[in-house]
Amino acid sequence: MVGAMELKFSGEEKRNLQSIIDKLKRLSPQELLSYWINAELDEAETYNTLAEIVREYSWDPKIPKLFEELARESLEHAELLLKEYRRTYGGEKLIDTGIPGIELELSMGELERYIRSGRLGDLISVLMESERMAQEIYRCLAEKSSGKTRELFEHLASIENGHYLRLKALKESLEESGG
């Protein structure tokens with residue numbers, strides 16, 4: 001199934017994602033926390049926007065409801081990361097890494113086209129892949145961390161897996177209902 005989802009990313013998108021991953025590997029722990037705080041905020045904004053758009057094009061209320069839940073949880077992730085940042089780095093400002101968010105590499109325009117064309121299954125597949133990648137990256141970060149920071153990254157990886165599974169269940173539900 002993952003292989004099929006990966007086909008949703010174009011060659012350019014795959015190259016962009018690999019470039020982001022390569023840059024993330026070179027960041028300091030402080031830069032990584034800064035990056036993920038902003039990435040989770042961006043993800044929340046994306047899910048909220050998708051919920052609004054889906055409401056316009058779909059009669060199925062469970063899709064925007066799930067997107068709103070994922071947006072809320074992304075904000076909670078950002079808060080957890082910010083607490084860890086403050087615990088570790090005190091009052092230091094977040095560092096702007098200049099690296100775009102990895103979870104939703106596709107442009108909002110592309111995601112919106114999926115919705116407008118009724119390709120909700122494809123949209124959800126791309127979101128599933130994004131959540132899977134985030135989970136893998138959090139697990140990798142946990143392996144390179146220790147103490148409370150390690151526990152935080154392990155917890156976030158687990159939550160990202162939960163997002164993946166909820167999106168998967170939604171996709172299967174849509175497929176069963178012919179949506």
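Quick notes on the rules
Residues numbered from 1 in each chain as written. Predicted model: local features only at pLDDT ≥ 70, side-chain atom pairs only at ≥ 80, totals over all residues. Heavy atoms only, no water. Phe/Tyr/Trp six-rings, centres within 6.5 Å; stacked < 30°, edge-to-face > 60°. Helix = DSSP H or I, 4+ residues; strand = E, 2+ residues; numbered from the N terminus. Buried < 20%, exposed > 50% of the residue type's maximum accessible area, 1.4 Å probe, protein only. Core = buried A, V, L, I, M, F, W, Y, C linked by side-chain atoms within 4.5 Å. Contact = heavy atoms within 4.5 Å. Expected span 1.5 Å × (residues − 1). Salt bridge = Lys/Arg side-chain N within 4 Å of Asp/Glu carboxyl O.

## Here's the deal with the packing of aromatic side chains
The full count for this structure, using the stated rule, is 5 aromatic pairs. Seen in terms of ring centroids, W36 and Y138 are 4.6 Å apart; in terms of plane orientation they differ by 40 degrees. Their pairing is tilted. Taken together, the residues W36 in helix α3 (residues 29–57) and Y138 in helix α6 (residues 120–143) connect sequence positions 102 residues apart. The same class applies to W36 as to Y138, namely buried. Look at Y85 and Y89: their rings are 5.1 Å apart centre to centre, the planes differ by 50 degrees, and that puts the pair in the tilted class. Taken together, the positions of Y85 and Y89, both in helix α4 (residues 62–89) and 4 residues apart, correspond to about one turn of that helix. Y85 sits in the buried class, given a relative accessible area of 1%. Grouped by ring-pair contacts, the aromatic residues Y35, W36, Y138 and F153 constitute a single cluster.

## As for the nonpolar core
When a protein is soluble and globular, its nonpolar side chains tend to lie buried together. If you look at the biggest cluster of nonpolar residues, it comprises 24 residues, and the most contacted ones within it are Y47, L50, F67, L123 and L167. Counting only elements with at least two residues in this core, the list comes to α3, α4, α5 (108–116), α6 and α7 (147–176). Beyond its immediate chain neighbours, meaning those up to four positions away, Y47 contacts F67, L70, A71, S74, L127, E131 and L167. Y85, Y138, L141 and A157 belong to the second-largest nonpolar core, a separate cluster that totals 21 residues.

## Thoughts on α7
With 30 residues, α7 should reach 44 Å at 1.5 Å per residue; the first-to-last C-alpha distance of 44 Å fits that figure. Following α7 by one or two positions, G178 has its phi on the positive side, about 80 degrees.

## Focus: the pattern of salt bridges
Per the stated rule, a full pass over the model turns up 11 salt bridges. For E76, the salt bridge identified is with R72, shortest N-O distance 3.8 Å. Of the two residues, E76 and R72 are both situated in helix α4; the distance of 4 residues between them amounts to about one turn of the helix. The closest approach of N and O atoms between R132 and E136, which form a salt bridge, is 2.0 Å. A residue pair is termed a helical-turn pair when its members lie 3 or 4 positions apart in one helix, as R132 and E136 do in helix α6 at 4 residues.

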